[in-house]
2 protein chains.
Amino acid sequence: MATRKVDTLHPRLEVTHLKPSKRVGLIVVLTGYGKGKTSSAVGMAVRACGHGMKVCMIQFMKGDIYTGEWDGIDKMDCDVELIRTGMGFCGIKGNPYPHPVHREAAQQALRLAREKLDSGGCDLLVLDEINNALHLNLLDLDQVLDLLHRKPPLTHLVLTGRDAHPDVMELADTVSEVREIKHAYRKDIEAQPGIDY
Amino acid sequence: MATRKVDTLHPRLEVTHLKPSKRVGLIVVLTGYGKGKTSSAVGMAVRACGHGMKVCMIQFMKGDIYTGEWDGIDKMDCDVELIRTGMGFCGIKGNPYPHPVHREAAQQALRLAREKLDSGGCDLLVLDEINNALHLNLLDLDQVLDLLHRKPPLTHLVLTGRDAHPDVMELADTVSEVREIKHAYRKDIEAQPGIDY
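Residues take numbers from 1 onward in each chain, read along the sequence in its written order. The order in which chains are written sets their letters, starting at A; the order in which ligands are written sets their numbers, starting at 1. Residue-level local features of this predicted model are given only where pLDDT is at least 70; pairs of side-chain atoms are given and counted only at 80 or more, and the full residue set underlies all totals for whole chains, interfaces and linings. The side-chain quantities take in all heavy atoms of the structure and omit both hydrogens and water.

1. Looking at the overall build of chain A
Here comes step 1: Check the secondary structure of chain A and you find six helices and seven strands.
Here comes step 2: Helix numbers and strand numbers start at the N terminus; a helix is a DSSP run of H or I with at least 4 residues, a strand a run of E with at least 2. Counted from the first residue to the last, chain A has its helices and strands arranged as β-β-α-β-α-β-α-β-α-α-β-α-β.
Here comes step 3: For the radius of gyration, the atom set is restricted to C-alpha positions; the globular benchmark scales as 2.2 Å times the number of residues to the power 0.38. Against the compact-globule benchmark of 16 Å for 197 residues, chain A has a radius of gyration of 18 Å, which places it among compact chains.
Here comes step 4: Overall, chain A is about 60 × 45 × 30 Å in size when its C-alpha atoms are taken along their principal axes.
Here comes step 5: Burial analysis of chain A (197 residues in total) assigns 58% to the buried set.
Here comes step 6: Contacts are assigned to residue pairs with any non-hydrogen atoms lying within 4.5 Å of each other. Excluding contacts between residues fewer than 6 apart, the proportion of contacts in chain A whose partners are at least 24 apart in sequence is 77%. Using a 1.4 Å probe on the protein chains alone, a residue whose accessible area is under 20% of its type maximum counts as buried, one over 50% counts as exposed, and one in between counts as partly exposed.

2. Regarding the pairing of strand β4 (residues 80–84) of chain A
Here comes step 1: The element β4(A) is largely enclosed, with a buried count of four among its five residues.
Here comes step 2: DSSP calls a pair of strands paired once it identifies at least 2 bridges connecting them. Of the pairings in the sheet, the one linking strand β3 (residues 55–59) of chain A to β4(A) comprises five bridges and is parallel in character. Bridging across to β4(A), Val55(A) finds its partner in Val80(A).
Here comes step 3: The handedness of the β3(A) to β4(A) crossover, carried by helix α2 (residues 69–74) of chain A, is right-handed.
Here comes step 4: Pairing analysis gives three bridges linking β4(A) to strand β1 (residues 6–8) of chain B, with the strands arranged parallel. Across the sheet, the residue bridging to Arg84(A) is Thr8(B), located in β1(B). With the strands pointing away from the viewer, any crossover whose connection runs clockwise from the first strand over the helix to the second is right-handed.

3. Re the relation of the copies chain B and chain A
The two chain copies are related to each other by a rotation about an axis together with a translation along it.
Here comes step 1: Fitting of the copies onto one another was done by least squares over C-alpha atoms, counting residues only where both copies have pLDDT of at least 70. Overlaying chain B with chain A gives an RMSD of 0.0 Å, the required rotation being 180 degrees about an axis along which the chain moves by 0.0 Å. Viewed as a symmetry operation, the transformation between the two copies matches a two-fold axis. In terms of proximity to the rotation axis, the leading residue of chain B is Ser40(B), whose C-alpha is 1.7 Å off the axis.
Here comes step 2: Same-surface contact between copies: 100% of interface residues of chain B are shared with the interface of chain A.

4. Focus on the interface of chain B and chain A
Here comes step 1: Every contact between the two is made by 95 residues of chain B and, on the other side, 95 residues of chain A.
Here comes step 2: Between Asp173(B) and Lys187(A) there is a salt bridge, with its nearest N and O atoms 2.6 Å apart.
Here comes step 3: Pairs of N or O atoms within 3.5 Å make up the polar contacts considered here, provided that, within protein, one atom can donate a hydrogen while the other can accept it, and that residues adjacent in sequence are counted only when both atoms are side-chain atoms. At the junction of chain B with chain A, the criterion picks out 64 residue pairs in polar contact (both at pLDDT 80 or more).
Here comes step 4: Counting residues per element, the side of chain B that touches chain A draws most heavily on helix α1 (residues 37–50) of chain B, at 11 residues.
Here comes step 5: A per-class count over the side of chain B that touches chain A returns 43 nonpolar, 27 polar and 25 charged. Salt bridges are defined by distance alone: a side-chain nitrogen of Lys or Arg within 4 Å of a carboxyl oxygen of Asp or Glu. Charged means Asp, Glu, Lys or Arg here, nonpolar means Ala, Val, Leu, Ile, Met, Phe, Trp, Tyr, Cys or Pro, and polar covers whatever is left, Gly included.

5. Details of the packing of aromatic side chains
Residues and elements named next belong to chain A.
Here comes step 1: What counts as a ring pair is set by centres within 6.5 Å for rings of Phe, Tyr and Trp (its six-membered ring), and what kind of pair is set by the plane angle: stacked under 30 degrees, edge-to-face over 60, tilted for all other angles. Counted according to the given criterion, the structure contains two aromatic pairs over all chains.
Here comes step 2: Between Tyr66 and Trp70 the ring centres are 5.5 Å apart and the planes differ by 85 degrees, which places this aromatic pair in the edge-to-face class. Across this residue pair, the class does not change: Tyr66 and Trp70 are buried.
Here comes step 3: Each ring is checked for a lysine NZ or an arginine CZ that lies within 6 Å of its centre and within 35 degrees of its normal; such an atom marks a charge sitting over the ring. Taking NZ or CZ as reference, Arg84 lies 3.9 Å from the ring centre of Trp70, over its face.

In structure tokens form, the structure reads like this:
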């Protein structure tokens, strides 16, 4: 990294460094049908990396369609790990795997998430598309709630995906619903690299 | 980067590489009062970096409070640049600068955004908090619409911030409204590193 990547127009502006009087590991849920849930989780991973935190991201129900964050995260010179665990989106046209195959993949991902939490080795654990996986019965509600309950107090846990379960949202500290106001694909614009994948 | 950061549980799963028949530079607006707009833009920057794209991010109205993405982006081994241009959030308690100082800073940022677009040197340009800057009259509507009109056809442009102007949303391809369902600060939990900044 020879070049300076971050600069300011106002070098004399004083920068405040916040420091909470109490550190808390938050549960954050990103749900809704609009664009911006996974990308927001990836952005939080960058933010956490900037603070020197250790980040783990487990992608449920993804892995069959290339997405730029795989290589983008690979290029991050910090303690971040992304594990693709799924067999692609369950029930989406073109996906060849039956429900039990998706469920077994999600159950493997769940075991991995449990290990990550129990080891205490992540400062931020992102469970990408887990809301969706629960909604599609690839996981059971008590399994997901158990994850939330076993979270170490200082670990941040981010859960993304459509159709978040009300009981999961109830336990969360911060919940955002990303609403679709409009989306390029409705104008028949195909998914574009760098934005959509 | 000695360690492998991205892995899969299913190494034999076939990965499809999408390729749109037509490349389009999208205009994406991320607005609303919930958490996840800037982090989503940072996530798209990672995604674009993964595709080998050149990314520029201009932060309007930020710069006085440290946030982890500055160091996180600095640690990205790819062609990304983040420029903090603002004097902090205009009108927020504790910010000492009067409106004309914020406006001049936003105008500088706008000139920089225009240069970036005209040079064609960015594949993805993020204008972070520009919606907010327009709403607070630090920029004029015709100035922002002019930016959208001068965007090169293949450049992606992402505009974040609350209170996006209807005319900006009208010109956008994809618009997400991030709604706050709940937020930790309402339970008097202070902003936490890695999640909130």
